[in-house]
Amino acid sequence: MLFSSLVFLYGFLPAFLLLYYLGPKAWRNTTALLGSLLFYAWGEPAFALLLLGSGTADYALSLAMAKLPAGATKRRRGLLTLALAYNLGALAYCKYSNFFVDQFNVLLGWLGTGALPWTKVLLPIGISFFTFQKITYLVDVFRGKAQPTRSLRDYLLYISLFPHLVAGPIIRFHDLADQITGRAHTLDRFLSGLWRFALGLGRKVLLANPIGQVADQIFAVDPGRLDTPHAWLGIFCYTLQIYCDFAAYSDMAVGLARLFGFEFCENFKHPYSSRSITEFWRRWHCSLSTFMRDYLYIPLGGNRVGPARQVFNLWFVFLVSGFWHGASWTFVAWGAYHGFFISLEKVIGHERIRRIPALLAWPVTFLLAMLGWVFFRADTIALATQYLARLFVALPVPSLDLAVPHRTWAVLALAAVTAFLPESWWDRLGWTSQHPATQAQFFGRLAVGTVLFLLACAALANQSYNPFIYFRF
Amino acid sequence: MPPRNDNRRLKIALLAAVAIFWGAVVVDTFLSLPNILPKLKGATTPPPAPEWSLAALRSGKTMQAVAAWFDAHIGLRSFWVRLDNQIDYAVFGQLVKRGDGTRLIHSPGGWFFEKQYLDFAISKSLVAEDEYRRRIERMRRVEEKLARRGIPLLYVVAPSKVEVYPEHVPAELFRKGRPEQTTTGYEVASPLLRNSGLSYIDGPARYSRWKQEGVPDLFARSGTHWSYQSALRVWEEIRASLNPRLKHPIPAFAELPSRPGRPRGNDRDLLDLANLLWARPYEHMLPKPVLRAQQEVPESQLPRILWVHDSFGWVLIEQLYDAKAGRPSDSLYYFATQMKIPGGVATDTKIAEIDWPTFLRDYDAVVLVWTEIAFEFDGCGFYEALDKALD
């Protein structure tokens, strides 16, 4: 179920909130868990069992780990390895087995033998996110940074909490544990949640969706027949679409969590206002960057190893991060691309990069991020390289006959403004803070939130209404 | 910074407003509140009902169907859709087509067109001249077979609004060519029809002439079919052609005095299809003739006409019965659905199973009304069926 669907907005969400708030206070976590499982099972009923089964096993193993004496490191490590094996194994099987079998079949094709018979494996929604959450829990319990919960319900609620279940943010257990056992349900927090949710819904439905249609039209064209201006338009649209889409989802997640008393970490902090790729990754999908730092970069040696190894580790972490995004060489290339620039900035030195004038650093960073999205969006490496070539080498081809509604041009301009305005502007408007600081901000939120919500619902309802003047036959 | 709870009452009121609005949408989704806005115009296919079997639940099909049901039944849907369309139209000057529905084109001055008519106007004939010759020969045969049964057949070719008023179609939409540069199917067939001896009314030619003569409002700006006003001219042509061949002629229509007003019914079907919140600024005033129900000819002396037609036929049928100038009869809409007229209630009759010699016995005439853009459809099988069924 998508947050930006009518069945969620007017079916699931009001029913859930009614049950949550009208039921006894002691049942709230149980209601939240059942609601979350229903939310997950809505699209993938069978995969809810995977979530429940692996979650129960995590719970048992984490308790077993905690019970072991401090000196039994080997046995603790064994239990952790077991837990990581089935969690990462499930992720590898569901997400990457199709990819590896395809690659193997290509190899077999080269060798002139028949392809391996294989039934495509379906990808459970959100498995990349909840697997990482489970890893944070298991590793933190192993490291002694977090105490395992005694309640299976609380653990299942942590991994399945529907606002972050499908697309993050990736939240560590110890950031949520206290909120699960006791959280404040205040009017201010509820209203703040409504505001944030409306902001995200508007950003997703009113900005990301129409811009995405333009990007889709352009990327559907064979790059060999694509003219250069439209190639730039396509990647510009995709750059804004992916930001508006993902950041909107995070906005909605933060907002929904507030509706029932939870507070999530921020996942996006105006990444397109960054002045270096390193800064970009501090602002883009922050919870993933933090995860990668704490659970991969630091275990690889972090800043304790020599400079050459540090640079390689950085690049490797981004390579893995790219592969986590999707089972395709394009994602690997995208990770390697970002890893290269991150490593390069490390070699150059962040202090030196900070001294580059903003008027130069900002557009260069944006351009590099934008070019990177070509790999992310293209279906194959070959198509990505052809597309990149179209950006810089014009072909004598007729201009693409693209029908872009007037509204979409306005939306594109608005999305660009929202993406490029620096954080300080939004802070001044009070959009990102949890509570409005002044009456003007309160009424501003009320007006903007109401308009966004109404317009988003209107757009959603209209998308499903395609009338014919008459039925002819 | 004021303390957070200093306007608690306001916040509670705000929350209550949100809850009431949310609740209203939810209640309207499941129970239907009284309509504040008119229902949405246009025909849609209802989504299939969710299947509640274990297999469907496990595969996720039930959930998909529930979501589709929700989309189609969402509370205050008329408001949502009209609001979104109003923004597109009033702010951005466009009507955005979504999905497979009818595509609307509009231009300054409140002119609306259906995109399919534009596509026809700038597309070359898909049917070869020889094939048209063969079809017209069959049309003539059917006309003769019916005439032998004492049933005159009249073919009325309705004009396309895009062909009558191309100057009001946004110029940038004629990318593939302009109507005058294209030979459409009807233009290929037109000389053949003229020389065939077939009984027919060449609507495109008549409308072209009337336009040159300065007759206004041949089509309402906001409608897709001939206007009520100009349809009366078509009726004059029909009477002139049919009456000499009819046992019970069609009485002349008597028109009561009327003044230009807001377009209604047929004259605003495209504007209605735009489903705007506030359509008033885009309405172009024109007269809708009011017909007096004639008393002079008793019903038993009126003709009973079988109509085989596309949507242009409805205006003529409506006027015939407004003037009480015909006996209740049948419509074979698109030669696919039988409807009782007046009223337009569909019957269960399967057109393919009709026994034509028996079926035709009770009619005084058959009138075919088909738009020029549908000429290539060859009466949707009418001529073929009757050619086979009649001696």
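Residues numbered from 1 in each chain as written. Chains lettered and ligands numbered in written order. Predicted model: local features only at pLDDT ≥ 70, side-chain atom pairs only at ≥ 80, totals over all residues. Heavy atoms only, no water.

Asker: Account for the overall build of chain B, with residues named and values stated.
Answerer: When helices and strands are tallied, chain B shows 14 helices and eleven strands. Along the three orthogonal principal directions, the C-alpha set of chain B runs to about 90 × 55 × 50 Å. Within chain B, the proportion of its 391 residues that are buried is 52%. Split by element, the accessible area of chain B, about 18500 Å² in all, is 54% carbon and sulfur. Side chains of chain B carry 51 positive and 47 negative charges; the gap between the two charge centres is 5 Å. (Helix = DSSP H or I, 4+ residues; strand = E, 2+ residues; numbered from the N terminus. Buried < 20%, exposed > 50% of the residue type's maximum accessible area, 1.4 Å probe, protein only. Areas by Shrake-Rupley, 256 points an atom, 1.4 Å probe, with all protein chains shown as cover. Lys, Arg positive; Asp, Glu negative; His and termini not counted. Charge placed at Lys NZ, Arg CZ, Asp CG, Glu CD.)

Asker: Break down the sheet that holds strand 4 (residues 200-202) of chain B for me, with residues and values.
Answerer: Residues and elements named next belong to chain B. Read across the sheet, seven strands follow the order 4-3-11-7-8-9-10 without closing on themselves; strand pairing throughout is mixed. The sheet terminates laterally at strand 4 and strand 10 (345-346), the two strands that pair on one side only. Relative to strand 9 (residues 337-341), strand 8 (residues 329-333) runs antiparallel, the two sharing five bridges. Bridge pairing links Leu332 to Gln338 in strand 9. Lying on the sheet, helix 10 (residues 228-242) is in contact with strand 3 (153-158), strand 4, strand 7 (305-309) and strand 11 (365-371); it crosses strand 3 at an angle near 155°. (Pairing = 2+ DSSP bridges. Contact = heavy atoms within 4.5 Å. Axes fitted to C-alpha atoms, helices over the stretch in contact; angles between N-to-C directions.)

Asker: Can you break down the state of the cysteines residue by residue, with the values?
Answerer: Residue and element names in this part refer to chain A. Under the criterion given, the structure shown has zero disulfides over all chains. Not engaged in a disulfide, the cysteine Cys244 finds its nearest cysteine sulfur in Cys237; these two sulfurs lie 11 Å apart. Free of any disulfide, Cys265 has its nearest cysteine sulfur in Cys286, 7.8 Å distant. Given a relative accessible area of 35%, Cys265 falls into the partly exposed group. (Disulfide = S-S within 2.5 Å.)

Asker: Explain the interface of chain A and chain B to me, and be specific about the residues and the numbers.
Answerer: If you look at the interface, chain A gives 47 residues, while chain B gives 61 residues. Counting across the interface, chain A meets chain B through three salt bridges. Residue Asp84 of chain B pairs with Arg407 of chain A through a salt bridge whose shortest N-O separation is 3.0 Å. Linking chain A to chain B there are eleven residue pairs in polar contact (both at pLDDT 80 or more). Elements with a minimum of two residues in the side of chain A that touches chain B: helix 1 (6-22), helix 2 (28-43), helix 9 (187-219), helix 18 (406-420) and helix 20 (439-463) of chain A. No other element matches the 13 residues that helix 20 of chain A contributes to the side of chain A that touches chain B. Tallied by class, residues from the side of chain A that touches chain B come to 33 nonpolar, ten polar and four charged. (Salt bridge = Lys/Arg side-chain N within 4 Å of Asp/Glu carboxyl O. Polar contact = N/O pair within 3.5 Å; in protein donor to acceptor, adjacent residues only side chain to side chain. Nonpolar A, V, L, I, M, F, W, Y, C, P; charged D, E, K, R; others polar.)

Asker: How would you summarise a nonpolar patch on the surface if you had to cite specific residues and measurements?
Answerer: A contiguous nonpolar surface patch, about 650 Å² in accessible area, is contributed by Phe104, Val106, Leu107, Trp110, Leu111 and Leu116 of chain A. Note on placement: Val106 of chain A falls in helix 4 (residues 73-111). (Patch = residues over 30% accessible without salt bridge, like charges linked within 9 Å, V, L, I, M, F, W, Y side chains within 5 Å.)

Asker: Explain the environment of Ala274 of chain B to me, and be specific about the residues and the numbers.
Answerer: Checked against the element boundaries, Ala274 of chain B lands in the loop between helix 11 (269-273) and strand 6 (290-292). Residues Ala274 of chain B and Lys41 of chain B lie 233 residues apart in sequence; the distance between their C-alpha atoms is 8.0 Å.

Asker: Describe helix 5 (residues 127-143) of chain A, naming the residues involved and giving the relevant values.
Answerer: All names here are of chain A. The terminal C-alpha atoms of helix 5 lie 24 Å apart, and with 17 residues this matches the ideal 24 Å at 1.5 Å per residue to within 8%. Most of helix 5 is tucked away: 16 of the 17 residues are buried. Immediately downstream of helix 5, the backbone of Gly144 shows phi near 80°, a positive value. (Expected span 1.5 Å × (residues − 1).)

Asker: Quick rundown of unusual backbone geometry? Include the residues and the values.
Answerer: The peptide bond linking Ile341 of chain B to Pro342 of chain B adopts the cis configuration, its omega dihedral lying at 0°. Within the fold, Pro342 of chain B resides in the loop between strand 9 and strand 10. Phi is positive for His270 of chain A, which is not a glycine, with a value near 55°. Looking at the element boundaries, His270 of chain A is found in the loop between helix 10 (228-259) and helix 11 (277-283). Look at His270 of chain A and you get buried, because its relative accessible area is 9%.

Asker: Give a detailed account of the packing of helix 1 (residues 8-31) of chain B against helix 3 (residues 61-73) of chain B, specifying residues and quantitative values.
Answerer: Residues and elements named next belong to chain B. Viewed as axis vectors pointing N to C, helix 1 and helix 3 meet at an angle of 105°, and their least axial separation amounts to 9 Å. Between helix 1 and helix 3, the angle falls in the class roughly perpendicular. Seen from helix 1, the contacting residues are Asp28, Thr29 and Phe30; seen from helix 3, they are Trp69, Phe70 and His73. For the contact of helix 1 with helix 3, the residue count by class is three nonpolar, two polar and one charged. (Parallel < 35°, antiparallel > 145°, perpendicular 65-115°, else oblique.)

Asker: Run through the domain arrangement of chain A, naming residues and quoting values.
Answerer: Residue and element names in this part refer to chain A. Parsing chain A into structural domains produces domain 1 (30-182), domain 2 (189-275 + 390-472) and domain 3 (276-355). Using only C-alpha atoms to locate each centre, domain 2 and domain 3 end up separated by 27 Å. Facing the 15 residues of domain 2 at the interface are ten residues of domain 3. Between domain 2 and domain 3, the buried area comes to about 1100 Å², and carbon and sulfur atoms account for 57% of it. By the criterion of area lost to domain 3, the three top residues of domain 2 are Asn267, Ser274 and Arg275, representing 44% of everything that side buries. Here Arg283 makes a salt bridge to Glu423, at a shortest N to O gap of 3.0 Å. Linking domain 2 with domain 3 are seven residue pairs in polar contact (both at pLDDT 80 or more), by the criterion used here. In terms of residue count, the dominant contributor to the side of domain 2 that touches domain 3 is helix 10 (three residues). Grouping the constituent residues of the side of domain 2 that touches domain 3 by class yields seven nonpolar, four polar and four charged. (Domains from an automatic or database assignment. Buried area = accessible area lost by both parts, 1.4 Å probe.)

Asker: I'd like a description of the packing of helix 1 of chain A against helix 3 of chain B, backed by residues and values.
Answerer: Their axes nearest at 9 Å, the elements helix 1 of chain A and helix 3 of chain B cross at an angle of 95°. Taken together, the axis directions place helix 1 of chain A and helix 3 of chain B in an arrangement best described as roughly perpendicular. For the pair helix 1 of chain A and helix 3 of chain B, the contacting residues are Leu6, Val7, Tyr10 and Gly11 of chain A in the first and Val66, Ala67, Phe70 and Asp71 of chain B in the second.

Asker: How would you explain helix 4 (residues 77-92) of chain B if you had to name every residue and give the values?
Answerer: Residues spaced three or four apart along an α-helix point in a common direction, a consequence of the helix completing one turn every 3.6 residues. Residue and element names in this part refer to chain B. Helix length check: helix 4 (16 residues) gives 22 Å between terminal C-alpha atoms against 22 Å at 1.5 Å per residue, within 8%. Of all 16 residues making up helix 4, twelve are buried, and the element is well covered by its neighbours. Residues Arg77, Ser78, Trp80, Val81, Arg82, Leu83, Asp84, Asn85, Gln86, Ile87, Asp88 and Tyr89 constitute the buried set of helix 4. Once helix 4 finishes, Gly93 follows within two positions and takes phi at roughly 65°, a positive value.

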